[in-house]
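# Per-entry structural report
Each chain is listed here by its residues.
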Amino acid sequence: MSNKVLVVDDKQMMRDSVTATLQRAGFIAVAAADGESALKLLARHRPGAVVTDLKMPEMDGLELLQRMRQADDQLPVVLMTAYGTVDAAVSAMKQGAFDFIQKPFEGDQLVMVVRRAVEHHRLLQENAALRSSTRTFQSEPVLVGRSAVMRSLAQQIQQYAHSHGNVLIGGESGTGKEVVSRMIHAHSPRRDSVMLAVNCAALSTSLLESELFGHEKGAFTGADQLRKGRFELADGGTLLLDEISEIEPPLQAKLLRVLQEGQFERVGSSFSMQVDVRVIATTNRDLSRSVAQGQFRQDLYFRLNVLPLTLPPLRHRAGDVALLAEHFLVQVGLREGRDPKRFDEEALVLLQQYPWPGNVRELQNICERASVLTRGAIITAEMIRPWLAAPTWPSSQPSAHTPLPTIAPLPHEMVSPPAATLAAQVKPLEEMERAQILETLRRFSGNRQRTATALGIGVRTLGLKLKKWKELNLVEQTI
Ligand SMILES: Nc1ncnc2c1ncn2[C@@H]1O[C@H](COP(=O)(O)OP(=O)(O)OP(=O)(O)O)[C@@H](O)[C@H]1O
Ligand SMILES: [Mg+2]
């Protein structure tokens, strides 16, 4: 967040004294003698506030105010007015000035107004980052693992955190690329600034471009509002670009420029912005191969791959499985306010032997699901075996081609007293499943995504089940 203030005044003495006062108070002050050069400095320095004289020969303070707010409608502008020009000051406030200060003023007065303005800007920026569709991160990242490879990884994370270089993290899906990138940010000098994430595979090229770089109002059909991009919102912080290999060549060029020079333009604008963003990119493809095949720019690859890191699949560090499992069971316990459950010996052996195609994420799903479905304190091998063996289970990321995972048959211990016939057994099973789902839904206040995650099923599967039960009047219609 910017501690910079842009000072605009045509009179050198005034400019120098305001600049000096602000610098003594700890701000970084940048000065301009007229409106045009102020607009140029604005793009280059991205100040947190502007202090401008009202009366200037070419572009006056009011016009400058308007032009600046066109570029950034959140930028606080403070006007310095001469004694007796209160009317002009009032109309400036109506046009969106943050405040005005009447000449002659004391240094303290100036510092106070500017402090408020900069703080106001910081809050607006933070809110914008939180409101955006991009994910931000609230909780502390935790990296569990005692295997040799995880230990050396922890060391590497520390080293990388203190460097400014971009990081490229490779590894299969669910191996912990996001956790690692959050750790790097959390231990870096940027830790107090924001970290944002964009999934490059989730958006079309044009949507991704405006997501990353923002757009001006009217830049294209549907752009009815100015929108700041992630590079602008992450200024001073870290931007996580997931699945970087999926970026198309035209955007690769734009990305290269922002990585090289810190410069970019919003879509529909010719105004260059200057930002300071550290990029962490992830990929589950071999990016050097994409380069060799001509799908990914080599210069961009080198820019991203300054600090490379590869996460090993979970099957290569079976020694971490028990520890991770315990960690996830404790997390569920904490979330639900009860003692954590435990796997018995046989169950742990089973977990350690399983190849984990969905890696840590899959283990986490199994742990949460077993926690939810086990009545007692101990999770048995019996309970988890069907989930580990089922051919369509687990699928870490269901695609259009893989059938969505459904709830696997429940092991015998869980079923209510054995019924006489097979036909009779089917119904209690369904009822149990329904009760389980309804209870989980209640626990998460009706949030389907969290319920589905906790149960280890797809949110679509959950939706279909609820729909069916509603049609059969088995559950309340309001669910
Ligand atoms: N070493 C670890 N310790 C604790 N939790 C972990 C660890 N590794 C992964 N996790 C957890 O596993 C889940 C998946 O991890 P993450 O999202 O970082 O994977 P990813 O490599 O980014 O996956 P994808 O490629 O699918 O985006 C997360 O919930 C994360 O908290
Ligand atoms: Mg990820």
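Just so we're clear, the structure is a prediction, and the values are computed from it rather than from any experiment.

Thresholds applied
Residues numbered from 1 in each chain as written. Chains lettered and ligands numbered in written order. Predicted model: local features only at pLDDT ≥ 70, side-chain atom pairs only at ≥ 80, totals over all residues. Heavy atoms only, no water. Phe/Tyr/Trp six-rings, centres within 6.5 Å; stacked < 30°, edge-to-face > 60°. Helix = DSSP H or I, 4+ residues; strand = E, 2+ residues; numbered from the N terminus. Buried < 20%, exposed > 50% of the residue type's maximum accessible area, 1.4 Å probe, protein only. Near = heavy atom within 4 Å. Polar contact = N/O pair within 3.5 Å; in protein donor to acceptor, adjacent residues only side chain to side chain. Areas by Shrake-Rupley, 256 points an atom, 1.4 Å probe, with all protein chains shown as cover. Nonpolar A, V, L, I, M, F, W, Y, C, P; charged D, E, K, R; others polar. Domains from an automatic or database assignment. Pairing = 2+ DSSP bridges. Axes fitted to C-alpha atoms, helices over the stretch in contact; angles between N-to-C directions. Contact = heavy atoms within 4.5 Å. Salt bridge = Lys/Arg side-chain N within 4 Å of Asp/Glu carboxyl O.

Before going further, it helps to examine the packing of aromatic side chains. Each aromatic ring pair is specified by the distance between its two centres and by the angle formed by the two planes. Counted under the stated rule, the structure contains five aromatic pairs. Taking 5.6 Å as the distance between ring centres and 40° as the angle between the ring planes, the aromatic pair formed by F213 and F264 counts as tilted. Here F264 lies in strand β11 (residues 263-265) and F213 lies in helix α8 (residues 205-213), a separation of 51 residues in the sequence. An identical accessibility class is assigned to F213 and F264; each is buried. When the ring of F231 is compared with that of F264, the centres are 6.3 Å apart and the planes differ by 45°; the resulting orientation is tilted. Taken as a pair, F231 in helix α9 (residues 230-233) and F264 in strand β11 lie far apart in primary sequence, 33 residues in all.

Before going further, it helps to examine the site of ligand 1. Around ligand 1, the surrounding shell holds 19 residues, and the nearest of these are V144, S173, G174, K177 and Q364. One of the backbone nitrogen or oxygen atoms of G176 is found 3.1 Å away from an oxygen atom of ligand 1. Within the side chain of Q364, one N or O atom sits 2.6 Å away from an oxygen atom of ligand 1. Considered on its own, ligand 1 offers 630 Å² of accessible surface; in the complex 86% of this is hidden by protein. Elements supplying a minimum of two residues to the shell around ligand 1: α7 (177-186), α13 (321-336) and α15 (359-373). Partitioning the shell around ligand 1 into residue classes produces eight nonpolar, seven polar and four charged. Of the residues that make up the shell around ligand 1, three or more belong to each of domain 2 (148-310) and domain 3 (314-397).

With that settled, consider the sheet that holds strand β2 (residues 28-32). What the five strands build is an open sheet, ordered β2-β1-β3-β4-β5; its pairing is parallel. Strand pairing shows two members of the sheet lacking a second neighbour, β2 and β5 (99-102), which therefore form its edges. Direction aside, neighbouring strands of the sheet carry axes that sit 20° apart on average. Across four bridges, strand β4 (residues 77-81) lies against β5 in parallel orientation. Paired with M80 across the strands is I101, a residue of β5. Packed onto the sheet, helix α2 (residues 35-45) meets β1 (4-8), β2 and β3 (49-53) and runs at close to 150° relative to β2.

Here we come to the environment of L474. Summarising the element assignment, L474 is placed in the segment after α19 (459-471). Residue class for L474 comes out partly exposed when judged on its relative accessible area of 42%. Expressed as a C-alpha distance, the spacing of L474 and R434, which sit 40 residues apart in the sequence, is 9.1 Å. When residues no more than four places from it in sequence are discounted, the contact partners of L474 are R434 and W469.

A separate point is α8. Buried within α8 we find L208, S210, E211, L212 and F213. Within two residues after α8, G214 carries a phi angle of roughly 80°, on the positive side.

Moving on: the sheet that holds strand β13 (residues 278-283). Whenever strands of a sheet pair, they do so through backbone hydrogen bonds, lying parallel or antiparallel. Strand order in the open sheet made by the five strands is β7-β10-β13-β6-β14, with parallel pairing throughout. The sheet is open, and its two edges are formed by β7 (195-199) and β14 (307-310), each paired on a single side. Pairwise comparison of adjacent strand axes, ignoring direction, gives a mean angle of 15° for this sheet. Across the sheet, helix α6 (residues 148-161) lies against β6 (167-170), β13 and β14, angled at about 155° from β14, the strand it touches most.

When the charged atoms of two side chains with opposite charge come close together, those side chains can pair. Tallying each qualifying case throughout the model produces 24 salt bridges. Measuring nitrogen to oxygen at the nearest pair gives 2.5 Å for the salt bridge that ties R315 to E172. Here the residue R315 occupies a position in the loop between β14 and α13, and E172 occupies one in the loop between β6 and α7, the gap between them amounting to 143 residues. A salt bridge links E336 to R338; the shortest N-O distance between them is 2.8 Å. Owing to a relative accessible area of 27%, R338 belongs among the partly exposed residues under this scheme. Taken together, the shared-partner salt bridges in this structure form one network comprising D10, K11, D53 and K103.

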